[in-house]
Amino acid sequence: QLQESGGGLVQAGGSLRLSCAASGSIFSINAMGWYRQAPGKQRELVAGITTGGITNYADSLKGRFTISRDNAKNTVYLQMNRLKPEDTAAYYCYADIVRYSNNNRYWGQGTQVTVSS
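Residues numbered from 1 in each chain as written. Predicted model: local features only at pLDDT ≥ 70, side-chain atom pairs only at ≥ 80, totals over all residues. Heavy atoms only, no water.

(A) Broad picture of the state of the cysteines. All told, the structure shown has 1 disulfide when counted by the stated rule. In this model, Cys20 is linked to Cys93 through a disulfide, with the two sulfur atoms separated by 2.0 Å. Across the disulfide from Cys20 to Cys93, rotation about the S-S bond amounts to roughly 50°, and the bridge is consequently right-handed. Here Cys20 is found in strand β3 (residues 16–22), whereas its partner Cys93 is found in strand β9 (residues 89–99), with 73 residues between them in sequence. As far as burial versus exposure is concerned, Cys20 and Cys93 are alike and both buried. (Disulfide = S-S within 2.5 Å. Helix = DSSP H or I, 4+ residues; strand = E, 2+ residues; numbered from the N terminus. Buried < 20%, exposed > 50% of the residue type's maximum accessible area, 1.4 Å probe, protein only.)

Given below as structure tokens:
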């Protein structure tokens, strides 16, 4: 349902852009966004975006990460700049998808981001 791409290994200070595309029978998509989970830590919100483009970010990531979406492509993006080793984690996208009369949150399988020092 959600296919992520764009993770990988990058040196500190570098950039990566994650993508997450929703597919299948979709009537509409409400919020989309990203969480991340580092080894031994709880999953945490990275950023979210509404259909109208209103965004919210984890305070610690403001200014380095930018979330955007293409509603025509049912895709959400996460541009990550000035990456730090502490950004190393598995990144999971989500989408609140309306199908028929149901509105459910769907999750991607996760994409690994590793930042080397």
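(B) The arrangement of the packing of aromatic side chains in detail. Following the criterion strictly, the structure yields 3 aromatic pairs and no others. Plain terms: the ring middles of Tyr94 and Trp107 are 5.6 Å apart, the flat faces sit at 50° to each other, and that makes the pair tilted. One end of the pair, Tyr94, is in strand β9; the other, Trp107, is in strand β10 (residues 102–107), with 13 residues separating them in the sequence. Under the relative-accessibility criterion, Trp107 is labelled partly exposed at 37%. Linked through ring pairs, Tyr35, Tyr94 and Trp107 together constitute an aromatic cluster. When the ring centre of Trp107 is taken as reference, the NZ or CZ atom of Arg43 above it lies at 5.0 Å. For the cation-ring pair, Arg99 lies above Tyr106, with the distance from its terminal atom to the ring centre recorded as 4.8 Å. (Phe/Tyr/Trp six-rings, centres within 6.5 Å; stacked < 30°, edge-to-face > 60°. Lys NZ or Arg CZ within 6 Å of the ring centre and 35° of its normal.)

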